[in-house]
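# Observations on the three-dimensional arrangement
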Amino acid sequence: MSYDVVIAGGGAAGCSAAYNLGINGKKVLLIEKNNYLGGLMTGGLVTPFMKSSDNQINTSFGSRFKTEMKKYNAVITYEDGNDGWFNPEYAKIVLDKLMNEASVEVRFDTVITSANIDNNYIRDITLSSKMLSERIKSRYYIDATGNCDFAKKINCEFINKKDEFQSLNLRFIMSNVDIEKFAKWILEFDNDRDVTTVCCVNDEIHMSTAYTWDTNKKWALDPLFKQAVDDGILKNEDRNYFQVFTIPKMPGSIAFNCPRIYTKNVIDPLNNLEYTASLKSGRESILRLSNFCVKYLKGFENAYISSIADMLGIRVSRRLKGKYIFTIDNIKSGRTFEHPVLISNYPIDVHSVKNNQSVLEKVNKEYQMPVEAMISADYDNLFTAGRCVSADFYAQAAIRIIPSCMSMAEGLAKYILELS
Ligand SMILES: Cc1cc2nc3c(=O)[nH]c(=O)nc-3n(C[C@H](O)[C@H](O)[C@H](O)COP(=O)(O)OP(=O)(O)OC[C@H]3O[C@@H](n4cnc5c(N)ncnc54)[C@H](O)[C@@H]3O)c2cc1C
C-alpha cells in the first residue's frame, strides 16, 4: 500500500494534520494505538480547550470540530468567551466523522513496529496490530504520538533533558452531582470569587472552581482540604491540585483536572515502571478525592466516580530535534517568523507537584511558532506535530494546549501541501 502521508498518533495534532491533508486531496493513513481518536482530549478526559488568542491562525479544523459538536449540543461557549467547552465522548464520534469526511484512512489498535531507512529518507514502515502486520510506503511521515514513539524507533535526536518533566495528572469524572446546589454553595463559599465561575448555557448550569496548596492566592476551599487531611480522608499531597469543570451534554457530571501524581522525585513518564506506579497512585488518589467531595462539598452527597481516564495525563515528554528549536526567548520577545504555524498568547504553564513551584506566567505579546520546529533535523521526509515538537521545556509549556496543537498541525499540513 502506498500513501502520500502517514501520520502516527490520532490526538488533537494528528487528527488536525490528517483532516487538512485529506480534505485537500492527499491520500492519508492515520495510525492510532487506542481504539478511538482524540488522544488526551478523549482518552485523557482533558476538557475544555484552553482559551487561545483571538488572532490565532490555522483554525479551520478546530472550527469544523466545534461546528459538528454543536449539532449534538456537545460543545458550549463559556461565559469568558471560550467556545471550546466540549464533551470528550461525543468528541470520539465527531473525530471519526471528520476523518471520514476528509477520506482519511484510520487504523486503530495499530502501531509502527519498524522502518526501512535509506540515508536520511524513510522508505517504508511496518504496521502491526493484533490482526495484521503490513508494509506501508509513504512520501511523508508525521510523528504526532505525543511521546515521539515513531521517531524513537528510527533513532532520531531529541531535545528533552533529564528531569525536565511537568507533573502527571490522572483525570476523572464524577456523576450524579447536584450541580445547581454545588454552584449556589460554592458561589457563597468562595466569596471573593477568585477562581470560581458559574454561568448558564442552553438551560444548563456550567461552572469551574479550583484549589492548590500554593500560597499565591487565598483559596476558598483551603479550610475544607485541611480539615479533610486532619480527618484522615485525604493525604496532605492530595491538596496539591484540584480543578473542576462541568461538561456539556453530561448533566450532573463534573470533570476533574486532578489528581497530580505526587512523588518526592520527578516522575519520568517514559519509564514503564514509573508510568505504571503513577497510574496506580493516581487511582488511589481519585478514590480519596471522590470521598472528600461527597463528604465536604454540597451537591456531591450522592455522586460517584463514573470514569477514570484511560490515558495518563502526560504534559511533556520526548521532543524531536527539529530544524529549529523554538525557545522561551522567542515567546517572551514575540519574535515573528517567515512560516508561522501558530499564533498564541497562552501563558507559560508549568505544573509542579512541589509547593509554590508551578508557573503560570502571562506573556506580554502574542508569539508565533515556525514550521521549522516541526521538521525533523534527521530525516528529509519526517515531521512532528503536537506536544512533541522541537520546543524547549518552557516554550513547550505554552504551546501544548489543544487549540495550539490543532493549529500547528494545520500549518504543517499547508506546508506539506506546498511541497508536493
Ligand atoms: C493533565 C492535563 C491537563 C491538560 N489540560 C488542558 C486543558 O484543560 N486544555 C487544553 O487545551 N489543553 C490541556 N492539556 C494539554 C493538551 O491536552 C495536550 O497537550 C494535547 O491534547 C496534546 O495533543 P497531541 O495530539 O500532541 O498528543 P496526544 O493527545 O497525546 O495524542 C497522541 C496520540 O498518539 C497515540 N499514540 C501514542 N503512541 C503511539 C504509537 N506508537 N502508535 C500510534 N499511536 C500512538 C496516542 O494514543 C494518542 O492518541 C492538558 C494536558 C494534560 C496532560
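As shown above, the structure is provided for reference.
Below is a summary of the structure that appears in this document.

When its secondary structure is counted, the protein chain shows 10 helices and 19 strands. Computed over the C-alpha atoms, the radius of gyration of the protein chain is 21 Å, within 12% of the 22 Å expected from 2.2 N^0.38 for a compact globule of 420 residues. Judged by the C-alpha coordinates and their principal axes, the protein chain covers about 65 × 45 × 45 Å. Across the 420 residues that make up the protein chain, the buried fraction comes to 58%. Of the contacts formed within the protein chain by residues at least 6 apart in sequence, a portion of 74% connects residues at least 24 apart. A total accessible area of about 17500 Å² is found for the protein chain, and carbon and sulfur atoms account for 46% of it. Where the 50 positive side-chain charges of the protein chain centre and where its 50 negative ones centre are 2 Å apart.

We now examine the pairing of strand 12 (residues 242-246). Among the 5 residues in strand 12, 5 count as buried, and that is most of the element. Here strand 12 shows no split at all, with F242, V244 and T246 on one side and Q243 and F245 on the other all buried. One ladder, built from 4 bridges, connects strand 11 (residues 204-211) with strand 12; its direction is antiparallel. Bridge assignment links Y211 to a residue of strand 12, and that residue is F242.

If you walk across this open sheet you meet the 6 strands as 10-11-12-13-9-14, and the pairing is antiparallel. The sheet is open, and its two edges are formed by strand 10 (197-201) and strand 14 (304-308), each paired on a single side. Averaged over all pairs of adjacent strands, the angle between their axes in this sheet comes to 25°, without regard to strand direction. Pairing geometry for strand 10 and strand 11, over 5 bridges, is antiparallel. Along strand 11, the bridge assignment pairs V201 with E204.

Turning next to the site of the ligand. As a structural note, the neighbourhood of the ligand is formed by 33 residues, with E32, L40, P48, M50 and R400 the closest of them. Here K33 contributes a backbone N or O atom positioned 3.2 Å from a nitrogen atom of the ligand. The separation between an oxygen atom of the ligand and a polar main-chain atom of M50 is 2.9 Å. With the chains in place, 97% of the 1000 Å² that the ligand exposes on its own is no longer accessible.

The next point concerns the side chain of N381. With respect to the helices and strands, the residue N381 is situated in the loop between strand 18 (367-370) and strand 19 (382-384). Once residues lying within four places of it in the same chain are set aside, the contact partners of N381 are N120, Y121, I122, S138, R139, Y140 and Y141.

About the cut-offs
Residues numbered from 1 in each chain as written. Predicted model: local features only at pLDDT ≥ 70, side-chain atom pairs only at ≥ 80, totals over all residues. Heavy atoms only, no water. Helix = DSSP H or I, 4+ residues; strand = E, 2+ residues; numbered from the N terminus. Rg over C-alpha atoms; globule rule 2.2 N^0.38 Å. Buried < 20%, exposed > 50% of the residue type's maximum accessible area, 1.4 Å probe, protein only. Contact = heavy atoms within 4.5 Å. Areas by Shrake-Rupley, 256 points an atom, 1.4 Å probe, with all protein chains shown as cover. Lys, Arg positive; Asp, Glu negative; His and termini not counted. Charge placed at Lys NZ, Arg CZ, Asp CG, Glu CD. Pairing = 2+ DSSP bridges. Axes fitted to C-alpha atoms, helices over the stretch in contact; angles between N-to-C directions. Near = heavy atom within 4 Å. Polar contact = N/O pair within 3.5 Å; in protein donor to acceptor, adjacent residues only side chain to side chain.

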